[in-house]
Amino acid sequence: MAGPRASSSRSARPPTPRSGEIAIEVRAAGVNPADWKRREGVFGTRGSVPAAMGLEAAGVVTAVGEGVEHVAVGQEVLGAPARGLGAFAEHTVLKAAETVSKPEEISFADAATIPIAGTTAYDLTHQVELEAGQTLLVLGAGGGVGHMALQIAKVRQFRAIGIASDSKRELVEATGATFVPSGEGVAERVRKFAPEGVDLLVDLVGGQALRELAPLAEEPSRIVSAADADTATELGGAGRERTEGALEKITGVVQYGLVDPHVSMTFPLERAAEAIAAVETGHGAGKTVIVP
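Residues numbered from 1 in each chain as written. Predicted model: local features only at pLDDT ≥ 70, side-chain atom pairs only at ≥ 80, totals over all residues. Heavy atoms only, no water.

Draft legend 1. Structural detail: helix α3 (residues 114-126). Judged by how many residues are buried, α3 sits mostly within the fold: eleven of 13 residues are covered. When we look at burial in α3, the residues that qualify are I114, P115, A117, G118, T119, T120, A121, Y122, D123, L124 and T125. (Buried < 20%, exposed > 50% of the residue type's maximum accessible area, 1.4 Å probe, protein only. Helix = DSSP H or I, 4+ residues; strand = E, 2+ residues; numbered from the N terminus.)

Draft legend 2. Structural view of the side chain of T120. Considering the arrangement of structural elements, one finds T120 in helix α3. With residues near it in sequence (within four places) discarded, T120 still touches V145, A226 and R240. (Contact = heavy atoms within 4.5 Å.)

Draft legend 3. Inspection of the side chain of K287 at higher detail. In this structure, K287 sits in strand β12 (residues 287-291). Only 3.0 Å separates the side chain of K287 from the backbone oxygen of V31, close enough to count as a polar contact. Every residue in contact with K287, bar those within four places of it in the chain, is listed here: V31, N32, E56, T113, A117, G144, P261, H262, V263, S264 and M265. (Polar contact = N/O pair within 3.5 Å; in protein donor to acceptor, adjacent residues only side chain to side chain.)

Draft legend 4. Broad picture of unusual backbone geometry. Phi at Q157 takes a positive value of approximately 65°, unusual for a residue other than glycine. Along the chain, Q157 turns up in the loop between α4 (144-155) and β6 (159-164). One non-glycine residue with positive phi stands out, namely H262, at about 55°. Tracing the backbone through its elements, the reader meets H262 in the loop between α9 (246-255) and β11 (263-268). Overall, H262 belongs to the partly exposed group, its relative accessible area being 29%.

Draft legend 5. Representation of the sheet that holds strand β5 (residues 135-139) within the structure. Read across the sheet, six strands follow the order β7-β6-β5-β8-β9-β10 without closing on themselves; strand pairing throughout is parallel. Pairing within the sheet leaves two strands with one partner each, and these edge strands are β7 (178-181) and β10 (238-239). Where β5 and β6 come together, five bridges link them in parallel fashion. If you follow L139 over to β6, its bridge partner there is I163. Strands in contact with helix α6 (residues 186-193) are β5, β6 and β7; relative to β7, the strand with the most contacts, it is inclined by about 160°. (Pairing = 2+ DSSP bridges. Axes fitted to C-alpha atoms, helices over the stretch in contact; angles between N-to-C directions.)

Draft legend 6. Structural view of the pairing of β6. Within β6, five of the six residues are buried, which leaves it mostly tucked inside the rest of the structure. The handedness of the β5 to β6 crossover, carried by α4, is right-handed. Where β6 meets β7, four bridges bridge the pair, whose relative direction is parallel. Residue pairing across strands places A164 opposite P181, the latter belonging to β7. (Right-handed = clockwise from strand over helix to strand, strands pointing away.)

Draft legend 7. Structural detail: the packing of aromatic side chains. All told, the structure shown has zero aromatic pairs when counted by the stated rule. K102 extends its terminal NZ or CZ atom over the ring of F108, reaching a point 4.7 Å from the ring centre. (Phe/Tyr/Trp six-rings, centres within 6.5 Å; stacked < 30°, edge-to-face > 60°. Lys NZ or Arg CZ within 6 Å of the ring centre and 35° of its normal.)

Given below as structure tokens:
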């Protein structure tokens, strides 16, 4: 069995993969709202500090742990860090079961947005089965997950409506979706485009905004949330449910150019705190990525 791990940082030695794990040299790491929420203790305060940060990465395999057969040293991959390690590092370790090969058509920056943002968009748009022509409403459509969800909707020939701030109108409309500005009175603005309601409400904001829009769903079970599972469940909907094989499936969709993660900001590793702060403001369009 491998010895103690080193922490993921610029000064530490590369960590050693254990059974079922893969060590990589990180080429890019995606930044998500979950990063600043974890920093603020939104998910609880258990665990020791300092804690490794970053939930999705893409890089080059440097070592493989026992029992790993689907990747080899030198291969380009994307995936989620093993427990206790993070993506904001020069080297880290990924869970083999949550790692796939990176197609050459996908840049490292784009690949680093797929394990969390990409799979979340995929899960939410597949959780309730819709038919072509039915209406999908995305609350929080201007962020990385929302933007990909709208593109998946286009691939599946749904009628899509995206709610976001005015500054993200162009990004939303570029997917072919109808843009509706967020803010007071948003439900009535949506009703102008969907007077009979929507077939699926995908929530990436939660709270009062979700409560205001919930009556637009054709039925409560057609509300799914990645931001506020408790409120969604209270309203009769559900939190995000993971789809088997989602990482491989959404990677293929990105590979063939059907979904563009739209990386709008990149930061060097030493400015990781700024990257997280930029995502925390909620003003960024698309995805933010750290490039060590």
